[in-house]
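Tertiary structure, described
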Amino acid sequence: MMDETNKRPEEAAAEAPAPQAEATEQKAAPKAEKAPEKEKKETKKDKKDLEAQLAAARTEAEKARAEAEEARDRLLRTAAEYDNFRKRSAREQDAAFGNGVAHAVSQILSILDALEMAEAAPSTDENFKKGVTLTLEKAKGAFEALKVEEIPALGLPFDPALHNAVMQKAAENGEESGTVLQVFQKGYKLGDRVIRHATVIVAE
């Protein structure tokens, strides 16, 4: 049997442990242990980054929502202001038109009064009476087109907002006190606007 001291160098080298391989294994082990810790740190960092991005996105979304709400409020206010302006302009136009009509009608009422007196006066000229009547009918048609109405008075209770009483007299047919007995001059109105009050006599 061959003594260990008489082994060949090749055999001794083959049986001897490889120091570098052992050292490499020892170094590799700690790296393998540290790898999961590194992954955990990276995961935490990624999570923080995502949370920061999410918070930033929420802030931007809240800012955009606030701006949209403000724009909506401005739009609603603008629409309301425009609607008020449109209604006010329409009222002013109607009032201006009404003022113009009332003024024009007030200027021709005396002509209408003269025509009505001529129609009521006795006359043997039939053509004259017919001409007056036709003129009055045309005038009444024009008043209707302009929405000018005669103020009702005869037989109604006296209304100071519509009637102008020039005298009182005793009722002959049992009318109540304050009843309009006679109309001296017709009154006219445009809607709720009185162009001319009716001139009347009322019962005592």
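Check the entry above for the structure.
Residues numbered from 1 in each chain as written. Predicted model: local features only at pLDDT ≥ 70, side-chain atom pairs only at ≥ 80, totals over all residues. Heavy atoms only, no water.

**Some thoughts on the layout of surface pockets**
- Size it by volume and the largest pocket reaches roughly 170 Å³.
- Along its surface, the largest pocket is lined by D113, E116, M117, V183, F184, Q185 and K186.
- Within the residue set of the lining of the largest pocket, elements represented by two or more residues are α2 (19-120) and β3 (180-185).
- Within the lining of the largest pocket, the residues separate by chemical class into 3 nonpolar, 1 polar and 3 charged. (1 Å grid on protein atoms, 1.4 Å probe; cavity = no way out; pocket = protein on both sides within 12 Å on 5 of 7 lines; lining within 4 Å. Points joined across faces, edges and corners; volume = space filled by probe spheres on them. Helix = DSSP H or I, 4+ residues; strand = E, 2+ residues; numbered from the N terminus. Nonpolar A, V, L, I, M, F, W, Y, C, P; charged D, E, K, R; others polar.)

**Thoughts on the pattern of salt bridges**
- For the structure shown, the criterion picks out 9 salt bridges.
- Residues R72 and E69 are paired through a salt bridge, measuring 3.6 Å at the closest nitrogen-oxygen approach. Note that R72 and E69 are positioned in helix α2 at a spacing of 3 residues, about one turn of the helix.
- One salt bridge in this structure joins R196 and D113, with 2.8 Å as the shortest N-O distance. Residue R196 is found in strand β5 (residues 193-196), and its partner D113 is found in helix α2; the two are separated by 83 residues along the sequence.
- The class of R196 is buried, set by a relative accessible area of 16%.
- Taking relative accessible area as the criterion, D113 reaches 14% and is therefore assigned buried.
- Via salt bridges that share partners, E69, R72 and D73 belong to a single interconnected network. (Salt bridge = Lys/Arg side-chain N within 4 Å of Asp/Glu carboxyl O. Buried < 20%, exposed > 50% of the residue type's maximum accessible area, 1.4 Å probe, protein only.)

**Regarding the sheet that holds strand β6 (residues 198-203)**
- Here we have 3 strands laid out as an open sheet, ordered β2-β6-β3, and mixed in their pairing. Since the sheet does not close on itself, it has two edges, and those belong to β2 (163-169) and β3, each with one partner. When the angles between neighbouring strand axes are averaged without regard to direction, this sheet yields 30°.
- Of the strand pairs in this sheet, β2 and β6 are connected by 6 bridges, and their pairing is parallel. Bridged to K169 within β6 is A203. (Pairing = 2+ DSSP bridges. Axes fitted to C-alpha atoms, helices over the stretch in contact; angles between N-to-C directions.)

**Describing the side chain of T179**
- Residue placement: T179 occurs in the loop between β2 and β3.
- Taking the relative accessible area as the measure of exposure, T179 reaches 12% and is therefore buried.
- If we ignore the near neighbours within four places in the chain, the residues touching T179 are G155, L156, P157, I201, V202 and A203. (Contact = heavy atoms within 4.5 Å.)

Take it as geometry only, folks, not as evidence of what the structure does.
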